[in-house]
Amino acid sequence: MTEADVHTLTGAYVCDALGEGERAAFEQHMAQCPECAAEVRELREVGAVMADAVATRPPASLKDAVDARIRVTRQDPPLTDPHAQEPQAAVPAQRGSAQRRRAAWAIAAVLALVVAGLGWRVADQQNQINALNAQSTQISQLLAAPDASATRVPVTGGGTALVVDSRSRNEVAVSFTGVASAPSGKIYQLWLMTATGAARSVGLMESTPNHPLLVEGLAGETAVGMTIEPSGGSVKPTTLPVMVAALEA
Amino acid sequence: MTGREPLHAASQAPGAEPEGLDVWLRRVSLGRQDAFDHVYAEISGPVYGLATRILRDPAQAEEVAQEVLVEVWRQASRFDPARGSARAWVMTIAHRRSVDRVRAEQAAADRQERNARETAPMLPEEDVAEAVEGRLERQRLRRCMGGLTDLQRESVTLAYYSGYTYQQVAELLGAPLGTVKTRMRDGLARLRDCLGVGR
Ligand SMILES: [Zn+2]
């Protein structure tokens, strides 16, 4: 393609009608070409009108799912922030309190995992922790990680999931409370999901597990989710998640 | 709930003027879920409608719309009013995600069915102009579409509403690649001038 030709790609770019390689090449060009950047900006306003023209009322389930996810989705910092590319570089003054909060969460998480997962009573906490250690040294190591962080999210249809993850260990543990068994002929399937929506299966459950599940080998995924799938599981999610929890970056 | 939840800012003063989507997006960027409810009410229809149009599968459209709306929440601080309207920013995300999904689905289907059967030709199931008809507030777009040449209109609508690459559009229309690229550009430019947007 000649240099003169590349300027004519603005329309195809705005329509997302370029292949992957061409799209990237044009974006590189646009970064150097103010005319193309300005034209793309203008033509995108046409796209907005075209989208409005096909507006359709979405099902109520969409709002529920989005609300459930934004409750556990951390927002990106502004790009103008000099630290925008490294969101983990928290303000130093807050570092200590954040760590203390995480440590407190890790302890709360131990108890919650024990209570929820093993069905024991809250009394006699030391016995519980010892038992959990015996049950799974690995989970206790996850819980003890300095960057272990916990979140509890609702499960569609009732109950909650407690999710504890550690980026330094690349592990996440999930335990469930009050979640119904999967419908007859179906199973629960657990997924790790990337920011782009790609999902990889990390486990199948016929019914609600009675102990915490540990997933190892996180590879930069941003969320853990669960769907209801036909027994035997699916290659990729075929239904909307009943549970999604953002993973601590 | 958890330490991860964003803090809520003070709510909007009562009696405030109705404000633009860009103002609401800025509030969303402060972690305000109440502001997101407002944004959701404004954009979920076009986002879901566009995804449905491109994917032609309500379940998949709902999944993609969910991804887009969560991305709007996550990236609200990245919206830059100097680079276009808030609505164009959202719809750019929605269009890109829908097209990426339809291409991924197509690639997967191609892999699975390569030896089974030929994939049905990807012609649009209905005329786009027809779907746009009948809604008063959409007559302006319809009128402006009517001002395009056939090749401009078909190139723009096949790419934008069906998610085809310009190569696929050229094949469907039996037109040269270079011509189709140019028609997408001058077609959109003519719509821009007719609609009076983007300047
Ligand atoms: Zn250029």
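Residues numbered from 1 in each chain as written. Chains lettered and ligands numbered in written order. Predicted model: local features only at pLDDT ≥ 70, side-chain atom pairs only at ≥ 80, totals over all residues. Heavy atoms only, no water.

Named according to an unreviewed UniProt entry, chain B is ECF RNA polymerase sigma factor SigK originating from Actinospica acidithermotolerans. Looking at the Sequence similarities (unreviewed entry) heading of the UniProt record, one finds this comment for chain B: "Belongs to the sigma-70 factor family. ECF subfamily." (UniProt positions renumbered as here; feature names shortened; annotations may be inferred.)

The name given to chain A in an unreviewed UniProt entry is Regulator of SigK, with Actinospica acidithermotolerans as the source organism.

Asks: How would you summarise the packing of helix H3 (residues 20–32) of chain A against helix H4 (residues 34–52) of chain A if you had to cite specific residues and measurements?
Replies: Residues and elements named next belong to chain A. At a closest axis distance of 5 Å, the pairing of H3 and H4 adopts a crossing angle of 110°. Relative to H4, H3 is oriented roughly perpendicular. For the pair formed by H3 and H4, the contact residues are Phe26, His29, Met30 and Gln32 on the first element and Pro34, Cys36, Ala37 and Val40 on the second. (Axes fitted to C-alpha atoms, helices over the stretch in contact; angles between N-to-C directions. Helix = DSSP H or I, 4+ residues; strand = E, 2+ residues; numbered from the N terminus. Parallel < 35°, antiparallel > 145°, perpendicular 65-115°, else oblique. Contact = heavy atoms within 4.5 Å.)

Asks: Outline the coordination of the zinc ion, listing residues and values.
Replies: All names here are of chain A. Each protein donor to the zinc ion is listed here as His7 (ND1), His29 (NE2), Cys33 (SG) and Cys36 (SG); together their distances run 2.0 to 2.3 Å. Between the four donor atoms coordinating the zinc ion, the angles at the centre fall across 106 to 115°, so the site counts as tetrahedral. Within one chain, the residues serving as donors to the zinc ion are arranged as H-x21-H-x3-C-x2-C. With His7 in the loop between helix H1 (3–6) and helix H2 (10–14) and Cys36 in helix H4, this residue pair connects regions lying 29 residues apart in the sequence. Residue His7 is classed as partly exposed on the basis of its relative accessible area, which comes to 28%. Judged by relative accessible area, Cys36 falls into the buried class, the value being 3%. (Donors = N, O, S within 2.8 Å, 3.2 Å for Na, K, Ca; no water. Tetrahedral: all angles 85-135°; square planar, octahedral: opposite > 155°, others 65-115°. Buried < 20%, exposed > 50% of the residue type's maximum accessible area, 1.4 Å probe, protein only.)

Asks: I'd like to hear about unusual backbone geometry, residue by residue, with values.
Replies: Of note in the backbone geometry, A:Asn170 takes a positive phi value of approximately 50° without being a glycine. Examined against the element boundaries, A:Asn170 turns out to sit in the loop between strand E2 (160–166) and strand E3 (171–177). Positive phi is not limited to glycine here, since B:Arg56 has a value of about 55°. Note that B:Arg56 resides in the loop between helix H2 (33–55) and helix H3 (58–75). B:Arg56 sits in the partly exposed class, given a relative accessible area of 31%.

Asks: Summarise the interface of chain A and chain B; cite the residues concerned and give the values.
Replies: Each side of the interface is counted separately: chain A has 71 residues, and chain B has 70 residues. Both sides together, the interface formed by chain A and chain B hides about 6500 Å², and carbon and sulfur atoms give 56% of it. Its largest share of buried area at the contact with chain B, chain A owes to A:Met50, A:Ile70 and A:Gln75, together 11% of the area lost on that side. Our count for the chain A to chain B interface comes out at 10 salt bridges. Between the two partners, chain A and chain B, sit 34 residue pairs in polar contact (both at pLDDT 80 or more). Elements with a contribution of two residues or more to the side of chain A that touches chain B: H2, H3, H4, helix H5 (60–70), helix H6 (92–118) and strand E1 (149–154) of chain A. Looking at the side of chain A that touches chain B residue by residue, the classes come out as 35 nonpolar, 14 polar and 22 charged. (Buried area = accessible area lost by both parts, 1.4 Å probe. Salt bridge = Lys/Arg side-chain N within 4 Å of Asp/Glu carboxyl O. Polar contact = N/O pair within 3.5 Å; in protein donor to acceptor, adjacent residues only side chain to side chain. Nonpolar A, V, L, I, M, F, W, Y, C, P; charged D, E, K, R; others polar.)

Asks: Could you give an account of the environment of B:Gln75, naming the residues involved and the relevant values?
Replies: Position of B:Gln75 among the secondary structure elements: in helix H3. On a C-alpha basis, the gap between B:Gln75 and B:Ser29 in space is 7.5 Å, while along the polypeptide they are 46 residues apart. Those residues in contact with B:Gln75, other than ones at most four positions away along the chain, are A:Asp76 and B:Trp89.

Asks: Outline the packing of helix H6 (residues 139–146) of chain B against helix H9 (residues 177–195) of chain B, listing residues and values.
Replies: Residue and element names in this part refer to chain B. Orientation of H6 relative to H9, taken along the N-to-C sense of each, is 130°, at an axis distance of 9 Å. By the angle between their axes, H6 is oblique relative to H9. Our pair here, H6 against H9, has a crossing hand that is right-handed. Residue-level inspection shows Arg140, Leu141, Arg143, Cys144 and Met145 of H6 in contact with H9, the latter providing Leu191, Cys194 and Leu195. Split into classes, the residues belonging to the contact of H6 with H9 amount to six nonpolar, no polar and two charged. (Left-handed = near helix turned anticlockwise from the far one by under 90°.)

Asks: Quick one: what's the story with the side chain of B:Thr157, residue by residue and with numbers?
Replies: Residue and element names in this part refer to chain B. Summarising the element assignment, Thr157 is placed in helix H7 (residues 150–162). Using a relative accessible area of 10% as the deciding quantity, one classes Thr157 as buried. Within the local environment of Thr157, its side chain forms a polar contact with the backbone oxygen of Arg153, the two atoms lying 2.7 Å apart.

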